[in-house]
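Spelled out, the chains give:
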Amino acid sequence: MLPILFNDYRMDLEAHIAFEEINVFPLIHSLIEAKLEDALFCKSTQLRTQLATFYMEHTDTEKDLELIKKVVSELQRHERGIAAVLFNQLTLFEADLKLHHILEEEILIPAVLDIL
């Protein structure tokens with residue numbers, strides 16, 4: 001069961017990253033260009049729509065990781081060695097994801113909204 005969960009999570013995380021690279025970074029680049037060209041007013045409706053779409057379609061990768069950690073935690077009851085190492089690594093990864101989430105929600109999105 002664990003390999004299936006990991007594979008599903010990996011695929012979802014890769015899709016999440018690809019979505020951000022394909023949609024978010026070009027959007028931010030467009031915002032900066034429009035502001036520098038003083039064309040932000042003309043493009044603001046389109047850019048706001050794109051930003052709203054990003055925000056609505058943005059997935060929460062932390063919830064899926066909680067399920068994997070729960071399964072690994074149950075494994076720790078029976079297999080202390082490798083399961084404990086895996087659980088610790090997942091906890092570190094979870095902390096990285098939380099930081100990523102904070103950077104997006106509390107820094108990136110407000111900065112983009114300030115441009116608009």
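Definitions and limits used
- Residues numbered from 1 in each chain as written.
- Predicted model: local features only at pLDDT ≥ 70, side-chain atom pairs only at ≥ 80, totals over all residues.
- Heavy atoms only, no water.
- Helix = DSSP H or I, 4+ residues; strand = E, 2+ residues; numbered from the N terminus.
- Rg over C-alpha atoms; globule rule 2.2 N^0.38 Å.
- Buried < 20%, exposed > 50% of the residue type's maximum accessible area, 1.4 Å probe, protein only.
- Contact = heavy atoms within 4.5 Å.
- Expected span 1.5 Å × (residues − 1).
- Patch = residues over 30% accessible without salt bridge, like charges linked within 9 Å, V, L, I, M, F, W, Y side chains within 5 Å.
- Areas by Shrake-Rupley, 256 points an atom, 1.4 Å probe, with all protein chains shown as cover.
- Salt bridge = Lys/Arg side-chain N within 4 Å of Asp/Glu carboxyl O.
- Phe/Tyr/Trp six-rings, centres within 6.5 Å; stacked < 30°, edge-to-face > 60°.

## Some remarks on the overall build of the protein
Link 1 in the chain: Broken down by element type, the protein carries four helices and zero strands.
Link 2 in the chain: Along the protein, helices (α) and strands (β) appear in the sequence α-α-α-α when read from the amino end.
Link 3 in the chain: The C-alpha atoms of the protein give 19 Å as radius of gyration, which overshoots the globular expectation for 116 residues (13 Å, by more than 25%).
Link 4 in the chain: Scored against the burial criterion, the 116 residues of the protein give a buried share of 32%.
Link 5 in the chain: Across the protein, contacts joining residues at least 24 apart in sequence account for 72% of those joining residues at least 6 apart.

## Quick notes on helix H1 (residues 2-36)
Link 1 in the chain: If you check H1, its first and last C-alpha atoms are 49 Å apart, about what 35 residues at 1.5 Å a residue would give, namely 51 Å.
Link 2 in the chain: Positive backbone phi, at 60 degrees, marks Asp38, one or two positions downstream of H1.

## Side note on a nonpolar patch on the surface
Link 1 in the chain: On the surface, Leu99, Leu103 and Ile107 cluster together into a nonpolar patch covering about 280 Å² of accessible area.
Link 2 in the chain: Relative to the helices and strands, Leu99 is located in helix H4 (residues 80-115).

## Considering the packing of aromatic side chains
Link 1 in the chain: Under the criterion given, the structure shown has one aromatic pair.
Link 2 in the chain: Here the aromatic rings of Tyr9 and Phe93 are separated by 6.4 Å at their centres, their planes lie at 85 degrees, and the arrangement is edge-to-face. Of the two residues, Tyr9 sits in helix H1 while Phe93 sits in helix H4, which places them 84 residues apart along the sequence.
Link 3 in the chain: By relative accessible area, which is 7% here, Tyr9 ends up buried.

## Digging into the environment of Ile28
Link 1 in the chain: Along the chain, Ile28 falls in helix H1.
Link 2 in the chain: Separated by 83 residues in the primary sequence, Ile28 and Ala111 place their C-alpha atoms 9.8 Å from one another.
Link 3 in the chain: In contact with Ile28, not counting residues within four places along its chain, are Leu108 and Val112.

## A closer look at the pattern of salt bridges
Link 1 in the chain: Counted under the stated rule, the structure contains two salt bridges.
Link 2 in the chain: Here Glu14 and Arg10 are joined by a salt bridge, their closest N and O atoms 3.1 Å apart. In this pair, Glu14 and Arg10 are both assigned in helix H1, four residues apart and thus about one turn of the helix distant.
Link 3 in the chain: Residue Glu14 is classed as partly exposed on the basis of its relative accessible area, which comes to 44%.
Link 4 in the chain: A salt bridge links Lys69 to Glu94; the nearest nitrogen and oxygen atoms lie 2.6 Å apart. Of this pair, Lys69 sits in helix H3 (residues 61-76) while Glu94 sits in helix H4, and the two are 25 residues apart along the sequence.
Link 5 in the chain: On the accessibility criterion, Lys69 (12% relative accessible area) is buried.

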